[in-house]
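Spelled out from the first residue to the last, the chains are:
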Amino acid sequence: MAEITQAVTDLVDQFAKLPGIGKKSAERLTYHILHVHKSEALALAEAIRNVKENVRYCKSCYNLAEQELCGLCRDPGRQQDVICVVEQPRDLMALEQTGMYRGLYHVLLGRIAPLEGIGPDQLTIDALVNRVRAGGVEEVIMATNPTVEGDGTALYISSLLAETPVKITRLARGITSGSVLEYANKEMLSDALTGRQTF
Amino acid sequence: MSAENATAIVLRTVEFSETSLVVTLMTREFGKVGALAKGARRLKGPFESALDLLALCRIVFLRKSSESLDLVTEAKLLRRFRVKKGNLGGLYGGYYVAELLDAMTDDYDAHPELFDLADQTLAALADGETASKHVLRFELGLLRILGLLPSLEQCADCGDEVPAAGSVAFGHLDGGVLCAKCRVGKQQVASVHAGVLRTMTQLADSDDRVWRRLQIDKRTRGQLRGLMNQYMAHVLGRKPRLQPYLTWLERQ
């Protein structure tokens, strides 16, 4: 099959490199770009350039930021003595969307996965420990994913912070609100029983 | 394509797309299986988050006749691997079990005894039993089942009985102990206390009662760990990724 033009082929190839985008989807996106107004297509290109040139990691919490500190770290209204530890900036966004948490965050930028060759040194654990040791922190909430590797990462961090007077907590797990006990699985029920609270 | 049922331990998971995983499973019935689990990352569906690392589950999968990955269509969690608070030794021991199973077994080469050994080891590690002893037991049991156990009583070169007293030469390249005559000129030879070799023999025994009664002092454990680190690296042809983490086994 003859190539349409090199420029089109290049754009298809670039789209196809994105996660979740196959060859067909890449072609659809390319034809969409070809059909929209030039200003709209260039706005997309400009947004990509802007992100790559201006977005960096916050010096304190490693969230995405356009300045040295992210908006959350600069916000004086946030509770300064609680740090919620998450694996990725997208986890932080999910927690922020609940509107229930008013403290600070720390993004690890991954999780300890020795089988994949990812050790504690490749994450931002040292920076977290330094933040806690610097003082002013009362509680560290472990909000890593509830998987073996997420739990393992939380366990490792809590072992490092064990000598500090900081309270270390873990996100609760158990039955979903609105569900019925009859259909909850064994694991959910045992988690809910273990993590039960005073009523 | 035929649908198969199996009991499996999850050895590895790799994110494939927004919702799917590529998993490596050690099954009791078929040995190691590499498969795609479409939708396994969704909370709802036929997987119910069962395909987490080191979890024991019942699976249904479709075997592909071609080179492509098999397809897991269903997974039901039997036991999640979750260590007790503060037990990093147990956690890293579990990872090490997964690494060895993945690296040392072939696809569709079933070893039910090895599966049962891994299952028992993971259950013991999660329960907080002595991680160092259970990991050593797993390593030696694995080597025995796969026919790679080093010779511990007869010279690996000439086959003569090696006196089990004092220090004994252990040739990593030769695959076991060496008599005084054969030791000369050999490379990668370690000097091991006879007590360490006796402990190895007992840990490798298929009879559960033999090794369960065993009390291993700290010095023997340390020597044995060092010897096994070298031997496993030799058998694998590389240092295991989890080897630097095994120091945590002693900190339990």
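The shown structure was predicted, so the numbers you read here are calculated from the model rather than taken from an experiment. (Residues numbered from 1 in each chain as written. Chains lettered and ligands numbered in written order. Predicted model: local features only at pLDDT ≥ 70, side-chain atom pairs only at ≥ 80, totals over all residues. Heavy atoms only, no water.)

Chemist: So what's going on with helix 7 (residues 148-160) of chain A? Which residues, and what values?
Modeler: Taking 1.5 Å of rise per residue, the 13 residues of helix 7 of chain A would be expected to cover 18 Å, and the 18 Å separating its terminal C-alpha atoms lies within 8% of that figure. Of all 13 residues in helix 7 of chain A, ten are buried, a share of seventy percent or more. For helix 7 of chain A, every residue scored as buried is listed here: A:Val148, A:Glu149, A:Gly150, A:Asp151, A:Gly152, A:Thr153, A:Ala154, A:Leu155, A:Tyr156 and A:Ile157. On its buried face, helix 7 of chain A is in contact with strand 3 (79-86), helix 6 (125-133), strand 5 (139-142) and strand 6 (167-170) of chain A together with helix 1 (88-104) of chain B. (Helix = DSSP H or I, 4+ residues; strand = E, 2+ residues; numbered from the N terminus. Expected span 1.5 Å × (residues − 1). Buried < 20%, exposed > 50% of the residue type's maximum accessible area, 1.4 Å probe, protein only. Contact = heavy atoms within 4.5 Å.)

Chemist: How would you sum up the side chain of B:Arg80? Please name residues and give values.
Modeler: Looking at the secondary structure, you find B:Arg80 in the loop between strand 5 (70-79) and helix 1. By relative accessible area, which is 16% here, B:Arg80 ends up buried. If we skip the residues at most four places from it in the chain, B:Arg80 touches A:Glu187, B:Glu48, B:Ser49, B:Asp52 and B:Ala55.

Chemist: Hey, could you go over the sheet that holds strand 7 (residues 176-178) of chain B for me, with residue numbers and the actual values?
Modeler: Residue and element names in this part refer to chain B. Pairing in this open sheet of three strands is antiparallel, and the strands run 7-6-8 from one edge to the other. Strand pairing shows two members of the sheet lacking a second neighbour, strand 7 and strand 8 (189-193), which therefore form its edges. When the angles between neighbouring strand axes are averaged without regard to direction, this sheet yields 45 degrees. The sheet contacts of helix 5 (residues 194-204) involve strand 6 (167-171), strand 7 and strand 8, and relative to strand 8 the element is tilted by about 85 degrees. Helix 7 (residues 218-236) rests against strand 6 and strand 8 of the sheet, and its axis sits at about 155 degrees to strand 8. (Pairing = 2+ DSSP bridges. Axes fitted to C-alpha atoms, helices over the stretch in contact; angles between N-to-C directions.)

Chemist: Mind laying out the interface of chain B and chain A, listing which residues take part and the relevant values?
Modeler: Contacts between chain B and chain A engage 27 residues on the former and 23 residues on the latter. Note on chain B versus chain A: buried area summed over both sides is about 1,900 Å², and carbon and sulfur give 55% of it. Viewed at the interface, chain A and chain B are joined by four salt bridges. Put simply, A:Glu187 and B:Arg80 hold a salt bridge, and the shortest N to O gap is 2.2 Å. Where chain B touches chain A, the interface holds six residue pairs in polar contact (both at pLDDT 80 or more). If you list the elements that add at least two residues to the side of chain B that touches chain A, you get strand 1 (3-15), strand 5 and helix 1 of chain B. The dominant element in the side of chain B that touches chain A, judged by the number of residues it contributes, is helix 1 of chain B, at six residues. (Buried area = accessible area lost by both parts, 1.4 Å probe. Salt bridge = Lys/Arg side-chain N within 4 Å of Asp/Glu carboxyl O. Polar contact = N/O pair within 3.5 Å; in protein donor to acceptor, adjacent residues only side chain to side chain.)

Chemist: Lay out the domain arrangement of chain A in plain terms, naming residues and giving numbers.
Modeler: Split into domains, chain A comes out as domain 1 (6-54) and domain 2 (77-179 + 187-191). If you average the C-alpha positions of domain 1 of chain A and of domain 2 of chain A, the two centres end up 35 Å apart. (Domains from an automatic or database assignment.)

Chemist: Break down helix 5 (residues 89-98) of chain A for me, citing the residues and quoting the values.
Modeler: Residues and elements named next belong to chain A. Pro 89, Asp 91 and Leu 92 are the residues of helix 5 that are buried. Mapping the buried residues of helix 5 onto a view down its axis gives an arc of 155 degrees, with all of them on the same face. Helix 5 presents Arg 90 and Gln 97 as exposed residues on the side facing more than 90 degrees away from its buried surface. Looking at the buried residues of helix 5, the elements they touch are strand 2 (64-65), helix 4 (71-74), strand 3 and strand 4 (103-107). Taken from the residues just after helix 5, Gly 99 is the one with a positive phi, measuring 70 degrees. (Arc of directions from axis to C-beta.)

Chemist: So what's going on with the packing of aromatic side chains? Which residues, and what values?
Modeler: For the coordinates displayed, the defined rule picks out eight aromatic pairs over all chains. Centroid distance A:Tyr156 to B:Trp248: 6.2 Å. Interplanar angle 65 degrees. Geometry classified as edge-to-face. Here A:Tyr156 is found in helix 7, whereas its partner B:Trp248 is found in the segment after helix 7 on a different chain. Per residue, the accessibility class of A:Tyr156 equals that of B:Trp248, and both read buried. Judged by centre distance (6.4 Å) and plane angle (75 degrees), the ring pair of B:Phe30 and B:Tyr108 falls under edge-to-face. Pair noted here: B:Phe30 is in the loop between strand 2 (21-27) and strand 3 (31-37) and B:Tyr108 is in the loop between helix 1 and helix 2 (112-126), with a separation of 78 residues, a long-range link. Taken together through their ring pairs, the aromatic side chains of A:Tyr156, B:Tyr92, B:Tyr95, B:Tyr245 and B:Trp248 make up a single cluster. (Phe/Tyr/Trp six-rings, centres within 6.5 Å; stacked < 30°, edge-to-face > 60°.)

Chemist: An account of the nonpolar core is requested, with residue identities and associated values reported.
Modeler: Residue and element names in this part refer to chain B. Counting residues in hydrophobic clusters, the biggest one holds 85 residues, and the most contacted among them are Phe 81, Tyr 92, Tyr 95, Leu 101, Phe 138 and Met 200. Sorting elements by how many residues they give to this core places helix 1 first, with ten residues. Once you skip the residues sitting within four places of it in the chain, Leu 101 turns out to touch Leu 11, Met 26, Lys 32, Leu 114, Ala 118, Phe 138 and Leu 142. Leu 25, Ala 40, Val 72 and Ala 75 belong to the second largest nonpolar core, which has 20 residues in total. (Core = buried A, V, L, I, M, F, W, Y, C linked by side-chain atoms within 4.5 Å.)

Chemist: Describe the domain arrangement of chain B, listing the residues and the values that go with them.
Modeler: All names here are of chain B. Per the domain assignment, the segments of chain B are domain 1 (2-79) and domain 2 (88-149 + 188-251). Computed from C-alpha atoms alone, the centre-to-centre distance between domain 1 and domain 2 is 26 Å. The interface is formed by 21 residues belonging to domain 1 together with 18 residues belonging to domain 2. When the area that domain 1 buries against domain 2 is broken down by residue, the three leading residues are Arg 28, Lys 32 and Leu 54, summing to 38%. At the boundary of domain 1 with domain 2, the tally comes to three salt bridges.

Chemist: Give me the lowdown on the environment of B:Gln215, citing residues and values where you can.
Modeler: Take B:Gln215: it is sitting in the loop between helix 6 (208-212) and helix 7. Along the backbone, B:Gln215 and B:Gly175 are 40 residues apart, and their C-alpha atoms lie at a distance of 26 Å.

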